[in-house]
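So the chains spell out like this:
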Amino acid sequence: MRKVTKKSKRRLLIFGIISVIAIGYFFVTLVSYSYSYISLKSEEINLNNELISLQEKKEFLKNEIVKLNDPEYVIRYAKENYLYSEDGEYVLMLEDDAVNEVNQNNSNNIYYIIGTIVFLIIILILSRKKEKSK
């Protein structure tokens, strides 16, 4: 059996501290890059959805321009949207049922799960190193 000197223990302690700091730094960097990636991906999805919505609105408005060139459509449009009525006509307002869409963002749960998994992996690695050193 080899005798371990104080110098070797000190060197091992310093190397261990530096290793733990480096692992901590890499872990924090990994988590922050993961968070940035996920938030940018979410923003990309939202912007793509907005782009699709704006393209649909553009097509609708192009069709509306074509329809507004028809005098009969203009009269009907004025009656429906601006309560325009001719002599002897009555305007009745009917309410439509409104449908609300709720979008929930559960991306925060993903960060907690990733952090927990990485934390458990580090604990398993450290516990196995302790078992091997005994």
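Structural data are supplied above this passage.
What counts, and where the lines are drawn
Residues numbered from 1 in each chain as written. Predicted model: local features only at pLDDT ≥ 70, side-chain atom pairs only at ≥ 80, totals over all residues. Heavy atoms only, no water. 1 Å grid on protein atoms, 1.4 Å probe; cavity = no way out; pocket = protein on both sides within 12 Å on 5 of 7 lines; lining within 4 Å. Points joined across faces, edges and corners; volume = space filled by probe spheres on them. Nonpolar A, V, L, I, M, F, W, Y, C, P; charged D, E, K, R; others polar. Helix = DSSP H or I, 4+ residues; strand = E, 2+ residues; numbered from the N terminus. Expected span 1.5 Å × (residues − 1). Salt bridge = Lys/Arg side-chain N within 4 Å of Asp/Glu carboxyl O. Phe/Tyr/Trp six-rings, centres within 6.5 Å; stacked < 30°, edge-to-face > 60°. Patch = residues over 30% accessible without salt bridge, like charges linked within 9 Å, V, L, I, M, F, W, Y side chains within 5 Å. Areas by Shrake-Rupley, 256 points an atom, 1.4 Å probe, with all protein chains shown as cover. Buried < 20%, exposed > 50% of the residue type's maximum accessible area, 1.4 Å probe, protein only.

1. Remarks on the layout of surface pockets
Point 1. Space inside the largest pocket adds up to approximately 550 Å³.
Point 2. Along the wall of the largest pocket there are 13 residues; nearest its centre are Ser19, Val20, Ile23, Leu126 and Lys129.
Point 3. In terms of residue class, the lining of the largest pocket is made up of seven nonpolar, four polar and two charged.

2. Digging into helix α2 (residues 71-82)
Point 1. Taking 1.5 Å as the rise per residue, α2 with twelve residues should run 16 Å; its terminal C-alpha atoms sit 16 Å apart, in good agreement.
Point 2. Just downstream of α2 lies Leu83, where phi reads positive at about 55°.

3. Observations regarding the pattern of salt bridges
Point 1. This structure, assessed with the given rule, holds two salt bridges.
Point 2. Two residues, Glu80 and Arg76, come together in a salt bridge whose shortest N-O distance is 3.7 Å. A residue pair is termed a helical-turn pair when its members lie 3 or 4 positions apart in one helix, as Glu80 and Arg76 do in helix α2 at four residues.

4. Looking at the packing of aromatic side chains
Point 1. All chains considered together, the criterion is met by three aromatic pairs.
Point 2. Relative to Tyr82, the ring of Tyr77 has its centre 6.1 Å away and its plane inclined at 65°; by these criteria the two rings are edge-to-face.
Point 3. Grouped by ring-pair contacts, the aromatic residues Tyr73, Tyr77 and Tyr82 constitute a single cluster.

5. Some points on a nonpolar patch on the surface
Point 1. On the surface, Ile113, Ile117, Ile121 and Ile125 cluster together into a nonpolar patch covering about 360 Å² of accessible area.
Point 2. With respect to the helices and strands, Ile125 occurs in helix α3 (residues 107-133).
Point 3. Using a relative accessible area of 44% as the deciding quantity, one classes Ile125 as partly exposed.

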